[in-house]
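Each chain is listed here by its residues.
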Amino acid sequence: MRGGLVVVIFMLAERFLNLVETMKTQYYTATSINGYLADENHSLDWLFQFGDIEEIEGVQDDYPQFIDQVGALAMGSTTYESVIEQENLLDNPEKWPYEVPAWVFSSRELPVVDGADIRFVRGDVAPIHADMVEAAGGKNVWLVGGGDLVGQFHDHGLLDEIILTVAPVTLASGAPLLPRTITTPPLKLVNVQQYSDVFAVLTYEV
Ligand SMILES: NC(=O)c1ccc[n+]([C@@H]2O[C@H](COP(=O)([O-])OP(=O)(O)OC[C@H]3O[C@@H](n4cnc5c(N)ncnc54)[C@H](OP(=O)(O)O)[C@@H]3O)[C@@H](O)[C@H]2O)c1
């Protein structure tokens, strides 16, 4: 009887470890070719000029596949406020674009989108990442941005993959893609895709 219990506990522990091993923490974002997420006014007009990105040939298959594997996501307060502003979400909360729980990092009290599963947090990202992994239940964790927040996860060795949708534009200044020095060991390029004559999608293993 006791032996049976030990076997069950062992199997559950193994299953949990397998889940943790196969899930990834991913930074998936669009960027200018010179490494900006947004311009100096936090505008994404340079990206929106290409229309509904999810409609571009190729992307309409890949984004649903990506998001289907995401179980939790995180973003900084500037990104959160931009998402709210873009769709006027405080008046139209049903347009909140995510179905999985979202962790929003801020030292401030931010407006809440009614009905959305949003967890406001601050400080050390490591224990928060553990909560996200648990909530994701074996699926991936998506770091939406900005760059320094993703850098904080990388500082703790918690970033596994970077997927960049590179738009054919340059910006003179703005919100940096990833303000960290990662040189040795370098990132490993694991996939390259082209969408129309617009986007290059580069996937790197950290
Ligand atoms: N191109 C794309 O696909 C894409 C993707 C993502 C984002 N963006 C854009 O890129 C820009 C990113 O803005 P950003 O660089 O300012 O980054 P951000 O990460 O969105 O916001 C930075 C803010 O997050 C909060 N924060 C970060 N780490 C924290 C921590 N450990 N504890 C508590 N609070 C923390 C702080 O907010 P408080 O000041 O409130 O404390 C900080 O000022 C935005 O304009 C966004 O819309 C574009």
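Read on for a plain summary of the structure. Keep in mind that what you see is a predicted model, and the values were worked out from it rather than measured.

**Remarks on helix 6 (residues 147-155)**
Working step 1: The buried fraction of helix 6 amounts to seven of the nine residues, a majority that puts the element mostly inside the structure.
Working step 2: Positioned one or two residues after helix 6, Gly157 has a phi angle of 70°, which is positive.

**A closer look at the site of the ligand**
Working step 1: Contacts to the ligand come from 29 residues, most closely from Gly76, Thr78, Ser107, Gly145 and Gly146.
Working step 2: When contributions to the shell around the ligand are tallied by element, the ones reaching two or more residues are strand 1 (25-32), strand 2 (36-38), strand 3 (70-76), helix 4 (77-87), strand 6 (140-145) and helix 6.
Working step 3: For the shell around the ligand, the residue count by class is 11 nonpolar, 15 polar and three charged.

**A short note on unusual backbone geometry**
Working step 1: Cis geometry is found at the peptide bond from Gly145 to Gly146, where omega equals 0°.
Working step 2: Counting through the fold element by element, Gly146 comes out in the loop between strand 6 and helix 6.
Working step 3: If you check the backbone angles, His42 has positive phi at about 60° while not being a glycine.
Working step 4: Its place among the elements puts His42 in the loop between strand 2 and helix 2 (45-48).
Working step 5: Judged by the 15 C-beta atoms lying within 10 Å of it, His42 is partly exposed.
Working step 6: With a phi angle near 55°, Ser196 is a residue other than glycine that sits in the positive phi range.
Working step 7: Topologically, Ser196 is positioned in the loop between strand 9 (188-195) and strand 10 (199-205).

**Looking at the nonpolar core**
Working step 1: Membership of the largest hydrophobic core comes to 38 residues, with the highest contact counts inside it found for Leu73, Ala74 and Leu143.
Working step 2: The greatest single-element share of this core, amounting to five residues, is contributed by strand 3.
Working step 3: Excluding anything up to four places from it in sequence, Leu143 contacts Thr25, Gln26, Tyr27, Ala74, Leu149, Val150 and Phe153.

**Quick word on the environment of Gly151**
Working step 1: For Gly151, the position within the fold is in helix 6.
Working step 2: Taking the C-beta count within 10 Å as the criterion, Gly151 has 20 such neighbours and is therefore assigned buried.
Working step 3: Apart from the residues within four sequence positions on either side, Gly151 is in contact with Leu178, Pro179 and Arg180.

**Things to note about the sheet that holds strand 10**
Working step 1: Spatial strand order, 5-4-3-6-1-7-10-9: eight strands in an open sheet with mixed pairing. Each end of this open sheet is capped by a strand with a single partner; those strands are strand 5 (118-121) and strand 9. Pairs of neighbouring strands in the sheet enclose a mean axial angle of 20°, with direction left out of account.
Working step 2: Relative to strand 4 (residues 102-105), strand 3 runs parallel, the two being bridged by four bridges. Within strand 4, the position partnered with Leu73 by the bridge is Ala102.
Working step 3: Strands in contact with helix 4 are strand 3, strand 4 and strand 6; relative to strand 3, the strand with the most contacts, it is inclined by about 100°.

**Side note on the pairing of strand 6**
Working step 1: Counting buried residues in strand 6 gives six out of six residues, a clear majority hidden from the surface.
Working step 2: Sheet topology note: the strand 1/strand 6 ladder contains three bridges and is parallel. If you follow Gln26 over to strand 6, its bridge partner there is Trp142.
Working step 3: Strand direction decides the pairing type here: strand 3 and strand 6, joined by five bridges, are parallel. Bridge pairing links Val70 to Asn140 in strand 6.

**Looking at the environment of Leu178**
Working step 1: Looking at the secondary structure, you find Leu178 in the loop between strand 8 (175-176) and strand 9.
Working step 2: The class for Leu178 is buried, based on 21 C-beta atoms found within 10 Å.
Working step 3: Distance from Leu178 to Leu37, taken between C-alpha atoms, is 9.2 Å for residues 141 residues apart in sequence.
Working step 4: Discounting chain neighbours no more than four positions away, the residues touching Leu178 are Gly147, Val150 and Gly151.

**Description of the pairing of strand 3**
Working step 1: Along strand 3, six of the seven residues are buried, which leaves the element largely enclosed by surrounding structure.
Working step 2: Chirality of the crossover, the property in question, places the unit of strand 3, helix 4 and strand 4 among those that are right-handed.

Procedures and definitions
Residues numbered from 1 in each chain as written. Predicted model: local features only at pLDDT ≥ 70, side-chain atom pairs only at ≥ 80, totals over all residues. Buried ≥ 20, exposed ≤ 12 C-beta atoms within 10 Å, placed from the backbone. Helix = DSSP H or I, 4+ residues; strand = E, 2+ residues; numbered from the N terminus. Near = placed C-beta within 6 Å. Nonpolar A, V, L, I, M, F, W, Y, C, P; charged D, E, K, R; others polar. Core = buried A, V, L, I, M, F, W, Y, C linked by C-beta atoms within 7 Å. Contact = placed C-beta atoms within 7 Å. Pairing = 2+ DSSP bridges. Axes fitted to C-alpha atoms, helices over the stretch in contact; angles between N-to-C directions. Right-handed = clockwise from strand over helix to strand, strands pointing away.

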